[in-house]
Amino acid sequence: MTSLYDELGGAVAIDAAVDIFYRKVMADELLAPFFDDVDMERQAAKQKAFLTMVTGGPAHYTGRDMRRAHAHLVAEGIDDTHFDAVVGHLAGTLKELGVSDDKIARVGALANSVRNDVLNRDPAA
């Protein structure tokens, strides 16, 4: 069975997607302020490793869990509006790269599966 990672095009596709995705995020007035003091090269590398892992590629992600990694952003006011914007930019990026709607939906489902952790909410909420 082929992984979503392979279906998307592997490392080359993930690298391209993350690079385009962060250009979109940094151009978004709602999201850009959350990245003011972030080393974007390091951030992109972490995101590439994370997306590779969650889509079934080689697991080299060594970052913190989603709750700890985003706790400071929750304290700064990140909410569903911000999360939705991020998912929208990810979907738009994949669409721009010619990814099919069904694969975009699968990536979106993966992104939404960590929503409560990113926003530090009880899953039952």
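Residues numbered from 1 in each chain as written. Predicted model: local features only at pLDDT ≥ 70, side-chain atom pairs only at ≥ 80, totals over all residues. Heavy atoms only, no water.

Draft legend 1. Structural view of the side chain of Lys48. Topologically, Lys48 is positioned in helix α3 (residues 40-54). For Lys48, a relative accessible area of 19% puts it in the buried group. Not counting residues within four places of it along the chain, the set of residues in contact with Lys48 comprises Ile14, Asp15, Val18 and Asp19. (Helix = DSSP H or I, 4+ residues; strand = E, 2+ residues; numbered from the N terminus. Buried < 20%, exposed > 50% of the residue type's maximum accessible area, 1.4 Å probe, protein only. Contact = heavy atoms within 4.5 Å.)

Draft legend 2. Structural view of the environment of Ala91. As for its placement among the helices and strands, Ala91 is situated in helix α5 (residues 80-96). Ala91 gets classed as partly exposed once you look at its relative accessible area, which sits at 27%. As for Ala91 and Val107, which are separated by 16 residues in sequence, their C-alpha atoms are 8.0 Å apart.

Draft legend 3. Fine view of unusual backbone geometry. The phi dihedral of Asn120 falls on the positive side, at around 55°, and the residue is not glycine. Among the secondary structure elements, Asn120 is positioned in the segment after α7 (115-118).

Draft legend 4. Up close: the side chain of Gln47. Topologically, Gln47 is positioned in helix α3. Excluding residues that lie within four positions of it along the chain, Gln47 makes contacts with Val18, Phe21 and Tyr22.

Draft legend 5. Structural detail: the pattern of salt bridges. On inspection of all chains with the given rule, the structure shows nine salt bridges. Taking the shortest distance from any N to any O, the salt bridge between Arg115 and Asp84 comes out at 2.6 Å. Placement of the pair is Arg115 in helix α7 and Asp84 in helix α5, with a sequence separation of 31 residues. Classification of Asp84 by relative accessible area gives partly exposed; the value is 42%. (Salt bridge = Lys/Arg side-chain N within 4 Å of Asp/Glu carboxyl O.)

Draft legend 6. Spatial organisation of the environment of Val118. On the secondary structure map, Val118 appears in helix α7. Sequence separation of Val118 and Leu90 is 28 residues, and the distance between their C-alpha atoms is 16 Å. In this view, Val118 contacts Met66, His70, Val74 and Phe83; residues no more than four positions away in its chain are not counted.

Draft legend 7. Local environment of the packing of helix α2 (residues 10-27) against α3. Direction vectors running N to C along α2 and α3 enclose 130°, while the axes themselves pass 10 Å from each other. In terms of orientation, α2 lies oblique with respect to α3. Note on packing geometry: the crossing formed by α2 with α3 is right-handed. Across the interface between the two elements, Ile14, Asp15, Val18, Asp19, Phe21, Tyr22 and Met26 from α2 touch Met40, Gln43, Ala44, Gln47, Lys48, Leu51 and Thr52 from α3. (Axes fitted to C-alpha atoms, helices over the stretch in contact; angles between N-to-C directions. Parallel < 35°, antiparallel > 145°, perpendicular 65-115°, else oblique. Left-handed = near helix turned anticlockwise from the far one by under 90°.)

Remember, this is a structural readout, not a statement about activity or role.
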